[in-house]
Amino acid sequence: MSELPPIPAPEEPQGFSEELVESARKLFAGPVTFLKSAPALKFLPDPIVPEVAVAGRSNVGKSSLLNALTNRNGLARTSNTPGRTQELNFFDVGTPPVLRLVDMPGYGFAKAPKDMVKQWRFLVNDFLRGRQALKRALVLIDSRHGIKEVDRDILEMLDRAAVSYRIVLTKADKVKASELAAVVERTEAEARKRAAAHPDILATSSEGGMGIADLRAAVLEAIG
């Protein structure tokens with residue numbers, strides 16, 4: 001599996017110490033390996049290390065962001081067919097693993113059969129409610145559109161399950177700086193109203209590397 005060129009840390013970390021940013025960089029520069037896919041709860045791996053889940057609607061750029069986060073090219077598969085992956089995919093970070101990333105199936109796919117949508121809700125809801133190793137979820141939101149009603153469904157699901165989550169804006173390089181600032185402000189305002197939401201929003205770009213160092217630090221911070 002080929003590696004992407006190293007992505008430099010931003011000059012002004014968003015509230016993270018230099019030590020945490022550097023520790024996160026070193027962690028994700030090490031081994032990151034696919035563990036398994038779980039189409040149902042009975043296939044989940046033993047919860048032996050802290051887990052951080054990544055959720056987002058189809059076409060939000062989740063696979064690309066996971067590849068940038070782990071500095072790997074092709075760790076998470078990208079697809080031209082939204083909603084194709086309907087499994088929980090687990091990745092070990094570190095050897096032995098320090099944490100696990102959980103790539104959750106994308107949501108909001110309009111053309112998916114109703115039984116697939118129902119299966120998605122059961123799998124995700126049961127995972128969120130019953131997974132003690134899950135320390136935080138990262139909910140990806142497209143910077144060009146902000147939070148949509150379909151995103152609010154997953155936010156409410158996380159609130160009800162009492163799972164701490166942080167909203168991460170993707171494709172921040174696709175909008176003007178003034179528009180991005182407005183989206184961040186609106187998103188922060190909504191996050192402050194939600195019980196389980198982290199108040200700080202991260203803006204990222206998987207293509208340009210914007211915010212990736214901070215995102216790694218946020219993942220490491222989440223597991224304590």
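Here we summarise the structure given alongside this text.

Rules used throughout
Chains are numbered independently. Their residues run from 1 in the order of the written sequence. Given that this is a predicted model, residues contribute local features only at a pLDDT of at least 70 and side-chain atom pairs are listed and counted only at 80 or more, while totals for whole chains, interfaces and linings are drawn from all residues. With hydrogens and water stripped out, all remaining heavy atoms of the structure feed into the side-chain values. A run of H or I in DSSP counts as a helix once it spans at least four residues, and a run of E counts as a strand once it spans at least two, with each numbered from the N terminus. Residue burial is assigned from relative accessible area. The probe radius is 1.4 Å, only protein chains are included, and a residue is buried under 20% of its type maximum, exposed over 50%, and partly exposed in between. In this analysis, two residues are considered to be in contact whenever any of their non-hydrogen atoms come within 4.5 Å of each other. Only the protein chains shown count as covering a residue, and every accessible area follows the Shrake-Rupley method with a 1.4 Å probe. By definition, two strands form a pair when at least two bridges between them are found by DSSP. Throughout this description, a polar contact denotes any pair of N or O atoms lying within 3.5 Å of each other; where both atoms belong to protein, one of them has to be capable of donating a hydrogen while the other can accept it, and for residues adjacent in sequence the pair is counted only when both atoms sit in side chains. A pair of Phe, Tyr and Trp rings is counted when the ring centres sit within 6.5 Å of each other, with Trp represented by its six-membered ring. The angle between the planes then sorts it: under 30 degrees is stacked, over 60 is edge-to-face, the rest tilted. Whenever a helix is involved, its axis is fitted only over the stretch in contact; in every case the axis is a line through C-alpha atoms, and angles between N-to-C directions fall within 0 to 180 degrees. Side-chain atoms within 4.5 Å are what join buried Ala, Val, Leu, Ile, Met, Phe, Trp, Tyr and Cys residues into a set we call a nonpolar core. The scheme is simple: roughly parallel for angles under 35 degrees, roughly antiparallel for over 145, roughly perpendicular for 65 to 115, oblique for anything else. Any residue that is not Ala, Val, Leu, Ile, Met, Phe, Trp, Tyr, Cys, Pro, Asp, Glu, Lys or Arg is counted as polar, Gly included; the first ten are nonpolar and the last four charged.

Secondary structure assignment for the protein yields 6 helices and 7 strands. When its helices and strands are written in sequence order, the protein yields α-β-β-α-β-β-α-β-α-β-α-β-α. The proportion of buried residues among the 224 residues of the protein is 52%. Partitioning the intrachain contacts of the protein with sequence separation of at least 6 by distance along the chain shows that 78% fall at a separation of at least 24. When the accessible surface of the protein is split by element, carbon and sulfur atoms take 50% of a total near 11,100 Å².

Across the 5 residues that make up strand β4 (residues 99–103), a large majority, 5, are buried. Burial of β4 is two-sided: the residues Leu99, Leu101 and Asp103 facing one way and the residues Arg100 and Val102 facing the other way are all buried. Here strand β2 (residues 51–56) runs beside β4; their pairing, made up of 4 bridges, is parallel. If you follow alanine 53 over to β4, its bridge partner there is valine 102. As judged from the 5 bridges shared by strand β3 (residues 88–93) and β4, these two strands associate in the antiparallel manner.

Let us look at the environment of valine 168. Turning to its location among the elements, valine 168 is positioned in strand β6 (residues 165–170). Residue classification places valine 168 among the buried residues on the basis of a relative accessible area of 0%. Along the chain, valine 168 and aspartate 200 lie 32 residues apart, while their C-alpha atoms are 9.1 Å from each other. Apart from residues lying up to four places away in sequence, valine 168 is in contact with Leu65, Leu138, Val139, Leu140, Ile141, Leu202, Thr204 and Leu215.

With 10 of 11 residues buried, helix α6 (residues 212–222) lies mostly within the body of the structure. Along α6, the residues that are buried comprise Ile212, Ala213, Asp214, Leu215, Arg216, Ala217, Ala218, Val219, Leu220 and Ala222. Downstream of α6 by one or two residues, glycine 224 has phi in the positive range, about 85°.

So, on to the side chain of aspartate 142. Along the chain, aspartate 142 falls in strand β5 (residues 134–142). At 2.8 Å, the side chain of aspartate 142 forms a polar contact with the backbone nitrogen of arginine 144. Residue contacts for aspartate 142: discarding those within four places in its chain leaves Arg57, Asn59, Val60, Thr170 and Lys171.

Considering all chains together, one arrives at 3 aromatic pairs under this definition. Taking 6.3 Å as the distance between ring centres and 80° as the angle between the ring planes, the aromatic pair formed by phenylalanine 90 and phenylalanine 127 counts as edge-to-face. Here phenylalanine 90 is found in strand β3, whereas its partner phenylalanine 127 is found in helix α3 (residues 114–130), with 37 residues between them in sequence. Judged by relative accessible area, which is 1%, phenylalanine 127 ranks as buried.

So, about the sheet that holds β3. Pairing in this open sheet of 7 strands is mixed, and the strands run β1-β3-β4-β2-β5-β6-β7 from one edge to the other. Here the strands that pair on one side only, and so sit at the sheet edges, are β1 (32–38) and β7 (202–203). Across 6 bridges, β5 lies against β6 in parallel orientation. Looking at the pairing, isoleucine 141 lines up with leucine 169 of β6. Packing against the sheet, α3 makes contact with β1, β2, β3, β4 and β5, and its axis sits at approximately 40° to β3. With respect to the sheet, helix α4 (residues 149–161) is in contact with β5 and β6, its orientation differing from that of β5 by roughly 165°.

The next thing to look at is the nonpolar core. Counting 38 residues, the largest nonpolar core has Leu88, Phe127, Leu128, Ile154 and Tyr165 as the members making the most contacts within it. For this core, the secondary structure elements donating two or more residues are β2, β3, α3, β5, α4, β6 and α5 (177–191). Leave out the neighbours within four places in its chain, and tyrosine 165 touches Arg136, Ala137, Val139, Leu155, Leu158, Asp159, Arg194, Ala196, Ala197 and His198.

Moving on: the packing of helix α1 (residues 18–29) against α6. Where α1 contacts α6, the axes come no closer than 8 Å and their chain directions differ by 90°. One element, α1, and the other, α6, form an angle in the roughly perpendicular class. Here α1 contributes Leu20, Val21, Ser23, Ala24, Leu27 and Phe28 to the contact with α6, which in turn contributes Ala213, Asp214, Arg216, Ala217, Val219, Leu220 and Glu221. When the residues that make up the contact of α1 with α6 are grouped by side-chain class, the tally is 9 nonpolar, 1 polar and 3 charged.

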